[in-house]
Amino acid sequence: MTKPIRTEEIEVSMGPQHPSTHGVLRVVLKLDGEVISAATPVIGYLHRGMEKIAEKRTYFQYMPLVDRFDYLAAMLNGALYCMTIEKLAGMEPPRRAEYIRVIMMELNRIASHLVFVGTLGLDLGASTPFIYCFREREEILDLFDLVCGARMTFNYMRPGGVAKDLPPEFAPKCREFLKKMPARLREYDDLLSNNEIFVERMRGVAKIGADEAVNLGLSGPTLRASGVGFDIRRFEPYSVYPEFDFDVAVREEGDCLARYLCRTEEIRQSLRIVQQALDGLPEGPSSTRINMNLKPAAGEVYHHIEGARGEMGCYLVSDGTTTPVRLKWRAPSFSNLAVLTSALPGWKVADSVAIIGSIDVVLGEVDR
């Protein structure tokens, strides 16, 4: 009689990954052969004490640092921080400033999703989409460079508006970019969305149900890919988003492919928003004059927006001085990362690359 082959679990570290990929993330996998039986994300390799630093800086001195949370969507970080200060101080920016903010935020959302699409293809062995996506991302970074002289961490948003108005050459260049993007998105579809190998590696993998997604506190495309159509821009509107016509990208499948398709559709919707904002850009000032030694009245406030990865929130406590007593940053990547514990078991090591990539985390905002 042949004796059954006995195996035992082994423990393997996925990562820490290089900072230029998904960030310095370590995932400890327990394996039974090639099959994952347990997974534990290990974070903290990029911790910089960002929230604590705010207690030793004035509201304006802290401005450049917020770009370092989600460094792939820094315009959104800056907008959130400024909106929170405005809520705390009872300020209202001019309409032109609000329109400029929306243009910058949506362009940055597109740039962030392009990094996702490109790196996901790279994770699965396709190098061409990465080069194509970064080609378009460079054009967005050129637009940011034109506006504020920076390409990744911008320090462009200000309480009461933006640092400076759009230069005259911005609108024509932005319209040129918007015009060419539909054809570029069709190229991505040819390379990935309609690629049989890519689809087979993504479809049906790591399904997350709507109830599980809500219970885990997921947000953004990771939540909407599970059939929960919650987008803060639509359901708890802020800034001038109610003035724009766009659709919330929702999928029902809840798998890796749905999470990918949600983000590619969001790129299309962001293009629509930017086009409308450019067409309706009002005249007037781009900022309100404000004292650099701002002293909001004592109190506390929380504000949240739809970031590139989900619900991004900022909690501020003021004691009436120039320095906040407390700052707390609600990072979507931190909450979304929790799903790996339940999403990875049962799948093979090769699948873990696709699953981690489909969640689209940035460790800068996870560790803070």
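Scroll up to find the structure.
Predicted, not measured: the structure shown is a model, and the values here were computed from it. (Residues numbered from 1 in each chain as written. Predicted model: local features only at pLDDT ≥ 70, side-chain atom pairs only at ≥ 80, totals over all residues. Heavy atoms only, no water.)

Novice: So, the overall build of the protein: which residues are in play, and what are the values?
Specialist: Tallying secondary structure elements over the protein gives 15 helices and 8 strands in all. Relative to the compact-globule value of 21 Å for 368 residues, the protein shows a C-alpha radius of gyration of 21 Å, a close match. Principal axes of the C-alpha set define a box for the protein whose edges measure 85 × 45 × 35 Å. The 368 residues of the protein split such that 54% are buried. Taking the intrachain contacts of the protein between residues at least 6 apart in sequence as the baseline, contacts between residues at least 24 apart amount to 71%. With 44 positive and 49 negative side-chain charges, the protein shows a spacing of 4 Å between the two charge centroids. (Helix = DSSP H or I, 4+ residues; strand = E, 2+ residues; numbered from the N terminus. Rg over C-alpha atoms; globule rule 2.2 N^0.38 Å. Buried < 20%, exposed > 50% of the residue type's maximum accessible area, 1.4 Å probe, protein only. Contact = heavy atoms within 4.5 Å. Lys, Arg positive; Asp, Glu negative; His and termini not counted. Charge placed at Lys NZ, Arg CZ, Asp CG, Glu CD.)

Novice: Outline the packing of aromatic side chains, supporting the account with residue identities and numerical values.
Specialist: For the structure on display, the rule yields 9 aromatic pairs. With a centroid separation of 6.4 Å and an interplanar angle of 70 degrees, the aromatic rings of Y241 and F246 are classed as edge-to-face. Taken as a pair, Y241 and F246 share a single burial class, namely buried. Clustering of aromatic rings is evident, with ring pairs tying together Y238, Y241 and F246. One residue, R234, lies across the ring of F246, its end atom 4.2 Å from the ring centre. Above the ring of F116, the side-chain terminus of R263 is found at 4.5 Å from the ring centroid. (Phe/Tyr/Trp six-rings, centres within 6.5 Å; stacked < 30°, edge-to-face > 60°. Lys NZ or Arg CZ within 6 Å of the ring centre and 35° of its normal.)

Novice: Provide a residue-level description of the side chain of E106, including the pertinent values.
Specialist: Residue position: E106 is located in helix 4 (residues 95–123). By relative accessible area, E106 is classed as buried at 0%. Look past the residues within four positions of E106 in its chain and what remains in contact with it is R233, Y241, S270, I273 and V274.

Novice: How would you summarise helix 5 (residues 128–148) if you had to cite specific residues and measurements?
Specialist: Think of an α-helix as 3.6 residues a turn; residues three or four steps apart then line up on the same face. Relative to the 30 Å expected for 21 residues at 1.5 Å per residue, helix 5 spans 30 Å between its end C-alpha atoms, a close match to the ideal helical length. Listed in full, the buried residues belonging to helix 5 are P129, C133, E136, R137, I140, L141, L143, F144, V147 and C148. Down the axis of helix 5, the buried set is contained in an arc of 150 degrees. They therefore lie on one face. Contacts made by the buried residues of helix 5 are with helix 3 (74–89), helix 4 and helix 6 (170–193). (Expected span 1.5 Å × (residues − 1). Arc of directions from axis to C-beta.)

Novice: Before we move on, could you go through the nonpolar core and cite the residues and values that matter?
Specialist: A general feature of soluble globular proteins is that nonpolar side chains tend to end up buried together. Y81, M104, L107, Y156, F170, Y260 and W329 are the most contacted members of the largest nonpolar core, which totals 109 residues. In terms of residues, this core owes the most to one element, helix 4, which gives 13 residues. For Y156, the residues in contact, after removing those within four places along its chain, are M75, I100, M104, V147, C148, V162, A163, K164, D165 and L166. (Core = buried A, V, L, I, M, F, W, Y, C linked by side-chain atoms within 4.5 Å.)

Novice: How would you summarise the sheet that holds strand 1 (residues 10–14) if you had to cite specific residues and measurements?
Specialist: Strands sit in the order 1-2-3 across an open sheet of 3 strands; the sheet is antiparallel. Lying at the two open borders of the sheet, with one neighbouring strand each, are strand 1 and strand 3 (35–42). With direction set aside, neighbouring strand axes in the sheet form an average angle of 25 degrees. Of the pairings in the sheet, the one linking strand 2 (residues 26–32) to strand 3 comprises 7 bridges and is antiparallel in character. Residue pairing in the sheet places V28 in a bridge with T40 of strand 3. (Pairing = 2+ DSSP bridges. Axes fitted to C-alpha atoms, helices over the stretch in contact; angles between N-to-C directions.)

Novice: Describe unusual backbone geometry, and please don't skip the residues or the numbers.
Specialist: Unlike most non-glycine residues, N155 shows phi in positive territory, near 50 degrees. Within the secondary structure, N155 is located in the loop between helix 5 and strand 4 (157–158). The phi torsion at A206 lies on the positive side, around 55 degrees, for a residue other than glycine.

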